[in-house]
Each structure stands twice: as C-alpha cells, then as structure tokens.
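Next come the chains, spelled out residue by residue.
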Amino acid sequence: MDMLSIVVPCYNEQEALPIFYRAVSKVAGELKEVRLEIIFVNDGSRDKSLEEMKALAQKDSRVKYVSFSRNFGKEAAMYAGFRYAKGDYVAIMDVDLQDPPELLPEMLRSIREEGYDCVATRRVSRKGEPVIRSFFARLFYRMMRRISSTEIVDGARDYRLMTRQFVDEILHLCEYNRFSKGLFGWVGFETKWLEYENVERSAGETKWSFWKLLLYSIEGIVGFSTAPLTFSAFVGAVFCLVAFVAICFIVVRTLVQGDPVAGWPSMVCIMVFIGGIQLFCIGILGEYLAKTYLETKKRPIFICKETNIHETED
Ligand code: UDP
Ligand code: MG
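Structure report, in brief.

Conventions we followed
- Residues numbered from 1 in each chain as written.
- Chains lettered and ligands numbered in written order.
- Predicted model: local features only at pLDDT ≥ 70, side-chain atom pairs only at ≥ 80, totals over all residues.
- Heavy atoms only, no water.
- Near = heavy atom within 4 Å.
- Polar contact = N/O pair within 3.5 Å; in protein donor to acceptor, adjacent residues only side chain to side chain.
- Areas by Shrake-Rupley, 256 points an atom, 1.4 Å probe, with all protein chains shown as cover.
- Patch = residues over 30% accessible without salt bridge, like charges linked within 9 Å, V, L, I, M, F, W, Y side chains within 5 Å.
- Salt bridge = Lys/Arg side-chain N within 4 Å of Asp/Glu carboxyl O.
- Helix = DSSP H or I, 4+ residues; strand = E, 2+ residues; numbered from the N terminus.
- Buried < 20%, exposed > 50% of the residue type's maximum accessible area, 1.4 Å probe, protein only.
- Donors = N, O, S within 2.8 Å, 3.2 Å for Na, K, Ca; no water.
- Phe/Tyr/Trp six-rings, centres within 6.5 Å; stacked < 30°, edge-to-face > 60°.
- Lys NZ or Arg CZ within 6 Å of the ring centre and 35° of its normal.
- Pairing = 2+ DSSP bridges.
- Axes fitted to C-alpha atoms, helices over the stretch in contact; angles between N-to-C directions.
- Contact = heavy atoms within 4.5 Å.

1. Describing the site of ligand 1
Argument step 1. Within the structure, ligand 1 sits among 17 residues, and Glu13, Asp43, Asp96, Gln98 and Thr206 are positioned closest to it.
Argument step 2. Within the backbone of Tyr11, one N or O atom sits 2.9 Å away from an oxygen atom of ligand 1.
Argument step 3. At 2.6 Å, a side-chain N or O of Asp43 approaches a nitrogen atom of ligand 1.
Argument step 4. Summarising the interface, the protein chains cover 93% of the accessible area of ligand 1, which totals 540 Å² for the free molecule.

Okay, here's the thing in structure tokens:
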C-alpha cells in the first residue's frame with residue numbers, strides 16, 4: 001500500500017496543533033487507499049508545541065516529529081520534513097488550517113488518476129489580510145514574472161502534494177538560501193493548480209511581519225533572477241551617457257559664453273544623487289555577494305535535536 005506523508009512546519013503553534021490533528025484525522029477517513037504519516041517539524045518553538053507533538057505521537061503511531069535545535073525558519077522546516085518523509089506521496093501543509101485538509105483527497109486523486117506530478121494550491125483572494133501586505137505581495141509577483149524565467153505563481157501557497165520523484169528532485173537542490181515557491185517551479189514537472197478562497201488562521205497568530213516578508217522577497221529575487229545586476233549596469237551606462245552629453249554642453253558653452261562660476265548648489269545635488277545611485281548599485285552587488293558567501297560556507301540547512309522517526313521505523 002502506498003504511503004502519504006504530510007509535512008507540517010510548526011513554530012509556536014501549541015493551540016493550533018490539536019485542532020490540526022483533529023481536522024486531518026477526519027479527512028484521513030477518506031484517504032483509505034494510502035497509509036498516512038504526519039511529520040510535525042518543530043522549528044525551535046518556545047511554547048509547548050513539542051510536548052503537544054509528543055502527546056499526539058503517543059496516542060497515534062502515524063504521528064512523527066522532528067525537533068530543531070533552534071528556529072531555522074519555515075524553509076528549513078519544509079526541507080527537513082521532505083528529508084524525513086518516507087511516503088510515495090508527500091504533502092506540505094501549514095498547521096493553522098489556512099491550507100484546508102479537505103482538499104487532500106482531491107489532490108491525491110489528481111496525482112494517482114490524472115497522472116500529475118504535483119498538485120499545488122493558490123488563493124484567489126487575500127480576504128482578511130492587511131491591504132498594504134496584499135499590495136506589496138501583488139507587486140512582488142508581478143515583478144518576478146518579468147525578471148525571472150522561473151514560474152512563480154501569484155497567490156501560490158506552499159500547500160501542495162507531490163510524488164516521490166518530485167520531492168527527490170527538490171531534495172537535490174540543497175541550497176542554503178531557500179525560496180521554495182521558486183524551487184517548486186524550477187524543478188518543472190506537470191503541476192495542477194487548485195484554487196480556493198483565503199481562510200483565516202484557526203488559532204495563534206501569523207509569524208510573518210512585514211519586515212520578514214520583505215527580506216523573504218529579496219531572497220526570492222536574488223535566488224531566481226540576476227536582473228538587478230543587469231539593471232545596475234544599465235543605470236551606470238545611462239549615467240555615463242548623460243555625463244558625456246553634459247560635458248560636451250558645458251565645454252561648448254564655456255567657449256562661447258565665457259565662464260561665470262555659478263551653479264554650486266546644483267553641483268552638490270548632482271554629486272549626492274550620483275553618490276546615492278552608486279551606493280544603491282553596490283548594495284545590489286553586495287546582496288548577491290552575501291548570498292554567495294553564505295552558500296560557500298556549506299552550513300547545514302537545519303540541525304535536528306530529537307525525533308521519533310528512527311526509533312519507530314528501524
Ligand atoms: N513557521 C515555521 N517557522 C517559522 C515561521 C513559521 O515553521 O519560523 C510555520 C508556522 O508554524 C505555520 C507556517 O509556517 O505552520 C506558516 O506560518 P504562518 O501561518 O505564520 O504564515 P502565514 O500563513 O501568515 O503566511
Ligand atoms: Mg498561516
């Protein structure tokens with residue numbers, strides 16, 4: 001019998017965990033054609049999430065947990081989940097029920113019967129989300145569509161169901177700076193998209209501040225496009241051209257009209273402006289350099305402190 005692994009990254013989710021478990025157990029009744037394992041990844045929670053996971057694992061042998069030595073971030077938690085998952089199919093879900101488990105049977109059917117390699121989900125609305133956050137999210141996706149050759153879908157959730165082959169390919173991409181929405185698109189394969197309305201969190205609160213999301217979007221841009229580098233080179237070229245024209249103009253004017261010394265304020269403005277552009281472009285370069293620097297260290301993506309996976313399996 002095939003096995004379905006559900007990977008669930010959790011960070012300070014003690015209230016959401018039991019609600020999630022109940023909801024998935026209910027759906028499990030409809031998933032009779034597969035064996036189930038639920039892998040909770042405790043991403044360095046400071047609350048009682050790990051205790052909650054252990055209690056669930058005691059009650060139900062299908063529940064597994066992997067606990068990190070500290071908070072490594074959701075990307076690392078997803079990667080760890082994929083590494084530990086043994087299933088022939090692997091799903092990734094948030095614990096807050098914003099990814100409706102009721103979709104699982106349909107997703108599984110699409111893979112088993114329609115031959116897709118992956119079934120992914122996207123939100124068609126951002127109801128209940130702060131307006132500014134939605135605005136910048138939309139802007140980000142629109143920009144990514146232009147500057148990256150990898151398909152990154154607007155409103156795409158991480159919630160998806162994949163075949164073993166798809167997951168193995170994701171695992172081969174062992175880069176340190178991970179941006180899964182891009183990685184999923186990068187590996188290719190046939191993906192079916194399911195759409196649903198945004199659902200609000202079951203309990204607890206979002207872990208993503210505006211600032212964290214901004215940094216995450218920079219991760220996405222730097223990870224999947226080199227357009228900013230081209231852009232800074234382009235800006236440099238345009239400024240050289242403008243400077244050349246300005247020099248010609250000033251030389252001719254001085255020869256024709258003489259040289260009354262004037263224009264200091266405008267000169268200062270121009271110097272500050274160009275200085276700013278230079279720093280901005282160096283900043284772009286620095287962003288790529290920093291990511292390269294982090295990659296070359298080859299640090300592990302996560303450190304597992306404890307898990308029940310080997311104990312029960314081997
Ligand atoms: N999460 C995590 N590590 C983190 C932040 C979040 O494992 O550092 C998990 C979190 O527990 C949840 C999922 O990632 O299961 C999505 O987080 P959240 O619901 O806060 O994000 P949102 O849905 O608001 O984008
Ligand atoms: Mg959420």
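2. Some details on a nonpolar patch on the surface
Argument step 1. A grouping of Ile132, Phe135, Phe136, Leu139 and Phe210 is seen on the molecular surface, where their side chains present a nonpolar patch of about 500 Å² in accessible area.
Argument step 2. Position of Phe210 relative to the elements: it lies in helix 8 (residues 210-224).
Argument step 3. A relative accessible area of 40% places Phe210 in the partly exposed class.

3. Quick word on the coordination of the magnesium ion (ligand 2)
Argument step 1. Protein ligation of the magnesium ion (ligand 2) involves Asp96 (OD) and Gln98 (OE1), the donor distances falling in the range 1.9 Å.
Argument step 2. In this structure Asp96 comes out as buried when scored by relative accessible area, which is 4%.
Argument step 3. Overall, Gln98 belongs to the buried group, its relative accessible area being 16%.

4. Topic: the packing of aromatic side chains
Argument step 1. The full count for this structure, using the stated rule, is 14 aromatic pairs.
Argument step 2. Judged by centre distance (6.2 Å) and plane angle (75°), the ring pair of Phe140 and Phe179 falls under edge-to-face. Taken together, the positions of Phe140 in helix 5 (residues 131-147) and Phe179 in the loop between helix 6 (164-172) and helix 7 (180-187) put the pair 39 residues apart, joining distant regions of the chain.
Argument step 3. Ring plane angle 55° and centroid distance 6.2 Å describe the contact between Phe179 and Phe224, whose orientation is recorded as tilted. In this pair, Phe179 sits in the loop between helix 6 and helix 7 while Phe224 sits in helix 8, placing the two residues 45 residues apart along the sequence.
Argument step 4. A connected cluster of aromatic rings, assembled from ring pairs, spans Phe68, Phe72, Tyr79, Tyr84 and Phe302.
Argument step 5. Between the NZ or CZ atom of Arg70 and the centre of the ring of Phe72, over which it lies, the distance is 3.9 Å.

5. Points about the sheet that holds strand 8 (residues 304-307)
Argument step 1. If you trace the eight strands from one edge of the open sheet to the other, you get 7-5-6-4-1-2-3-8, paired in mixed fashion. Both outer strands of the open sheet, strand 7 (191-196) and strand 8, are each paired with one neighbouring strand and no more. Adjacent strand axes in the sheet meet at a mean angle of 20°, parallel and antiparallel pairs treated alike.
Argument step 2. Direction of pairing for strand 3 (residues 63-68) relative to strand 8: antiparallel, over a ladder of three bridges. Looking at strand 8, one finds that Phe68 is bridged to Cys304.
Argument step 3. Helix-sheet contacts for helix 1 (residues 16-28) involve strand 1 (3-10), strand 2 (35-42) and strand 3, and the interaxial angle to strand 2 is about 165°.

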